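Results of the structural survey
Residues per chain are reported as follows:
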Amino acid sequence: MNIKKVMVIGAGQMGSGIAQVCAQAGFEVKLNDLKEEYIERGMAVITKNLTRSVDKGRLSQEEKTKILSYITPSSSLEDASDVDIVIEAAIESMDIKKEIFQKLDKIVGKEAILATNTSSLPITEIAAVTERPEKVIGMHFMNPVPVMKLVEIIRGLATDDEVYQAVEDMTKALQKVPVEVNDFPGFVSNRILMPMINEAIYTLYEGVATKEAIDDVMKLGMNHPMGPLTLADFIGLDTCLYIMETLHDGFGDDKYRPCPLLRKYVKAGWLGKKSGRGFYTYER
């Protein structure tokens, strides 16, 4: 199973990053989103990233031009008809992902692989809405995609070994490190990371220490590059809440219950860096 042509669905932060690393590895890429303006924004981010690499001497101008030539904008799912794999990086909503996968199942070739970049949703449930559950798999890239080396490759209940191997080979071609994971809520990364962040929020909520002190303990005492509350702001507090709710629903265990302070901040619209305010304030 040889992957050469890729469609990435979603031109946001994750999707544009995935499209960039695929193009850098020489894959033909279609970057798809609902509106032209979203695609243009995603392409601008890719161009900015590549320009920075040229300025730092990591790429030549010719290499930058060549990478960009591998990416074709797309605003129709029908453009997926000739690709070998689709990597969906749309909003983290089961209903939206199911709708996309149902449509793709009827568009792509019978040998094409359908992958999702979900950070927490069950691969098996997404696969169940298609006629090819054996060809559905999770590819959970880390943010920012061009920098972070890890890709969690998540097997659904029905995922074929051949499909897994093709995706693992592709991941290595992207100069990423593939890690095989089975289909459980949160996989490995968010099953461990999000409860830690949630506990840090409880620690703040209960008045154990200030936000700065909590972050300093984890940075200086545990050698984390970023404190958990700062990291939550960067991820997005709405995303943190959604993943905690997914873990809570999936396991039915109260140790995954989202902190009331997290819920309060999300209801207030304090979503972190993207909204200008979370646990900290940011210039917009």
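As a convention, each chain's residues are numbered from 1 in the sequence order in which they are written. Local features in this predicted model are restricted to residues whose pLDDT is 70 or higher, and side-chain atom pairs enter the listing and the counts only when it is 80 or higher, whereas totals over whole chains, interfaces and linings include all residues. By convention in this description, side-chain values take in all heavy atoms of the structure and omit both hydrogens and water.

1. Here's the deal with the overall build of the protein chain
Numbered from the N terminus, helices here are DSSP runs of H or I no shorter than four residues, and strands are runs of E no shorter than two. Helices and strands together make up the secondary structure of the protein chain, namely eleven helices and eight strands. As a reference, a globule follows 2.2 Å times the number of residues to the power 0.38, and the radius of gyration itself is taken over C-alpha atoms. A globule of 284 residues ought to have a C-alpha radius of gyration of about 19 Å, and the protein chain, at 19 Å, matches this closely. Reported as C-alpha extents along the three principal axes, the dimensions of the protein chain are approximately 55 × 45 × 30 Å. Each residue's exposure class comes from its accessible area (1.4 Å probe, protein chains only) as a fraction of the maximum for that residue type: buried when under 20%, exposed when over 50%, partly exposed otherwise. Residues counted as buried form 48% of the 284 residues belonging to the protein chain. The contact definition used throughout considers only heavy atoms, calling two residues in contact when any of these lie within 4.5 Å. Counting only contacts in the protein chain whose residues sit at least 6 apart along the sequence, the fraction spanning at least 24 positions is 66%. Per-residue and other accessible areas follow the Shrake-Rupley method at a 1.4 Å probe size, with only the shown protein chains counted as cover for residues. Accessible surface, the protein chain as shown: approximately 14100 Å² in total, 51% of it carbon and sulfur. Here the protein chain holds 34 positive side-chain charges and 41 negative ones, and the gap between their average locations is 5 Å. Charge assignment in this entry is limited to Lys and Arg as positive and Asp and Glu as negative, and neither His nor the chain termini are counted. Taken as the charge centre is NZ of Lys, CZ of Arg, CG of Asp or CD of Glu, depending on the residue.

2. Some thoughts on the sheet that holds strand S4 (residues 85-88)
In spatial order, the strands read S3-S2-S1-S4-S5-S6-S7-S8; together these eight strands make up an open sheet with mixed pairing. Each having just a single partner strand, strand S3 (71-74) and strand S8 (177-182) make up the two edges of the open sheet. Between one strand axis and the next, the sheet turns through 25 degrees on average, direction left out of account. DSSP calls a pair of strands paired once it identifies at least 2 bridges connecting them. All axes are obtained by fitting lines to C-alpha atoms, using only the stretch in contact for helices, and the reported angles, taken between N-to-C directions, cover 0 to 180 degrees.

3. A look at the UniProt feature "domain: 3-hydroxyacyl-CoA dehydrogenase C-terminal" (unreviewed entry) in the protein chain
UniProt positions are given in the numbering used here, feature names are shortened, and annotations may be inferred rather than shown by experiment. Those residues carrying the UniProt feature "domain: 3-hydroxyacyl-CoA dehydrogenase C-terminal" (unreviewed entry) are residues 186-282 in this numbering. Across residues 186-282, the secondary structure splits into 61% helix and 0% strand, with the terminal C-alpha atoms separated by 28 Å.

4. Observations regarding helix H8 (residues 211-221)
Within the span of H8, buried status applies to Ile-214, Asp-215 and Met-218. The arc that holds the buried residues of H8, viewed along the axis, is 95 degrees, so those residues lie on one side. Turned more than 90 degrees away from the buried face of H8 sit Leu-220 and Gly-221, all of them exposed. Where the residues of H8 are buried, they touch helix H7 (189-205) and helix H9 (228-235). Directions from the helix axis toward the C-beta atoms define the arc.

5. Here's the deal with the packing of aromatic side chains
Any Phe, Tyr or Trp ring, taking Trp's six-membered ring, that has another such ring centre within 6.5 Å forms a pair; planes under 30 degrees apart are called stacked, those over 60 apart edge-to-face, and the others tilted. As enumerated under the stated definition, the model contains five aromatic pairs in all. Measuring from centroid to centroid gives 5.1 Å for Tyr-265 and Trp-270, while their planes differ by 70 degrees, and the two rings are edge-to-face. Within the aromatic cluster, the residues linked to one another by ring pairs are Tyr-265, Trp-270 and Phe-279. Only Lys NZ and Arg CZ are tested; either one counts as a charge over a ring when it is within 6 Å of the ring centre and within 35 degrees of the ring normal. In this structure, Arg-155 packs its charged tip against the face of Tyr-164, placed 4.5 Å from the ring centre. The cationic tip of Arg-277 hangs over the ring face of Trp-270; the distance from NZ or CZ to the ring centre is 3.7 Å.

6. Side note on a positive patch on the surface
Each patch groups residues whose relative accessible area exceeds 30% and which form no salt bridge, using 9 Å between like charges and 5 Å between nonpolar side chains of Val, Leu, Ile, Met, Phe, Trp and Tyr. In what follows, salt bridge is the name for a side-chain nitrogen of Lys or Arg lying within 4 Å of a carboxyl oxygen of Asp or Glu. On the surface, a cluster of positive charge is made up of Lys-48, Arg-52, Lys-56 and Arg-58. Relative to the assigned elements, Lys-48 resides in helix H2 (residues 36-55). Judged by relative accessible area, which is 55%, Lys-48 ranks as exposed.

7. Comments concerning the pairing of strand S5 (residues 113-116)
For a regular strand, the rule is simple: side chains alternate between the two faces of the sheet. A two-sided burial pattern is seen for S5, the buried positions comprising Ile-113 and Ala-115 on one face and Leu-114 and Thr-116 on the other. Inspection of the sheet shows S4 paired to S5 by four bridges, in the parallel sense. Across the sheet, Val-86 pairs through a bridge with Leu-114, a residue of S5. Crossover handedness for the path S4 to helix H4 (residues 94-107) to S5: right-handed. When S5 meets strand S6 (residues 136-141), the two strands line up parallel, connected through three bridges. The residue of S6 that forms the bridge with Leu-114 is Val-136. By convention, orient the strands away from the viewer: a clockwise path from the first strand over the helix to the second makes the crossover right-handed.

8. Brief notes about unusual backbone geometry
Across residues other than glycine, the phi torsion is negative in most instances, and most of the peptide bonds are trans. Cis geometry is adopted by the peptide bond preceding Pro-144, which originates at Asn-143 and carries an omega value of 0 degrees. Residue placement: Pro-144 occurs in the loop between S6 and strand S7 (150-155). Here the phi dihedral of Phe-187 falls at roughly 55 degrees; this positive angle occurs in a residue that is not glycine. By the secondary structure assignment, Phe-187 is in the loop between S8 and H7. Notably, Asn-223 is not glycine yet its phi reads approximately 65 degrees, a positive angle. By the element assignment, Asn-223 lies in the loop between H8 and H9.

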